[in-house]
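# Structural description and commentary
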Amino acid sequence: MKKILLSVMAAALCFCTSQFAQAQSMKVGFVNTADLLLRMPASDSAQQVLQTYGKEIEDSYMLMVTEYQNKATEFQNSQSQWSDLIKQTKQQELQDMGRRIEEFGQQSQEDLQRKTQELYAPIIASVTKAIEAVAKEQKLTCVFDKGDASLSMMGSGLNVPSVFYGEGSMDVTPLVEKKLGLPSVPAAMN
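Residues numbered from 1 in each chain as written. Predicted model: local features only at pLDDT ≥ 70, side-chain atom pairs only at ≥ 80, totals over all residues. Heavy atoms only, no water.

As recorded in an unreviewed UniProt entry, the protein goes by the name OmpH family outer membrane protein, listed as coming from Candidatus Pullibacteroides excrementavium. Annotation of the protein in UniProt includes, under Sequence similarities (unreviewed entry), the sentence "Belongs to the Skp family." (UniProt positions renumbered as here; feature names shortened; annotations may be inferred.)

### Points about the nonpolar core
Judged by nonpolar contacts, the single largest core of 19 residues is most densely connected at Val127, Val176 and Leu180. Per-element tally for this core: the top contributor is helix H4 (residues 84–137), with eight residues. Apart from the residues within four sequence positions on either side, valine 176 is in contact with Val31, Leu36, Ala130, Ile131 and Val134. (Core = buried A, V, L, I, M, F, W, Y, C linked by side-chain atoms within 4.5 Å. Buried < 20%, exposed > 50% of the residue type's maximum accessible area, 1.4 Å probe, protein only. Helix = DSSP H or I, 4+ residues; strand = E, 2+ residues; numbered from the N terminus. Contact = heavy atoms within 4.5 Å.)

### Things to note about helix H6 (residues 173–180)
One full turn of an α-helix is made of 3.6 residues, so residues set three or four places apart face in the same direction. The set of residues buried in H6 consists of Thr173, Val176, Glu177 and Leu180. Buried residues in H6, looked at end-on, bunch into an arc of 105°, giving them a common side. Just beyond H6, the residue with positive phi is glycine 181, at close to 75°. (Arc of directions from axis to C-beta.)

### As for the packing of aromatic side chains
Scanning the model with the defined rule gives two aromatic pairs in all. Aromatic pair tyrosine 61 and phenylalanine 104: ring centres 6.4 Å apart, planes at 15°, arrangement stacked. Of this pair, tyrosine 61 sits in helix H3 (residues 41–78) while phenylalanine 104 sits in helix H4; the two residues are 43 residues apart in sequence, bridging distant segments of the chain. Among the residues examined, phenylalanine 104 registers a relative accessible area of 23% and is labelled partly exposed. Centroid distance phenylalanine 75 to tryptophan 82: 5.8 Å. Interplanar angle 55°. Geometry classified as tilted. Just as phenylalanine 75 is buried, tryptophan 82 falls in that class too. Lying over the aromatic face of tyrosine 53, lysine 115 brings its terminal NZ or CZ to 5.3 Å of the ring centre. (Phe/Tyr/Trp six-rings, centres within 6.5 Å; stacked < 30°, edge-to-face > 60°. Lys NZ or Arg CZ within 6 Å of the ring centre and 35° of its normal.)

Shown next as structure tokens:
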């Protein structure tokens, strides 16, 4: 029984030692993806396309709202002169218009999100490829995002780090900048 217990303890000790050795050899890096994405030259053109696209959608939406407001004003001013049948018909028209405007608003938000993903997908792929290349060159075990790119890209202004502590880690943002051909930014800005 003692031999079995000693064997199990020895095996556990070997396992723990090997796990500790593996943990000691991990090399971790971090990068500010949101900053890199915003500074990519293709981001400027993507943003311009999105602004133009958004403006077209907004103009169509405002045209629909103006038409609705005009019909609502007409209804308010003329309803006393109409028969019940005409009033009901005009009310139904207003309700239908209101529903169409609401549906258009929802669909346009979804469409704008799809367009954003479509335009930024190649930019994200380029940044990801550069991060992976730097990670391999630097023999990093893993690379964490220094900030929450999804929150930053959505304009929330929040900078929620993905990693709060990383002793022995390395900021690879300057190396990725170089890989992407972007000018370096002082460390305080990354």
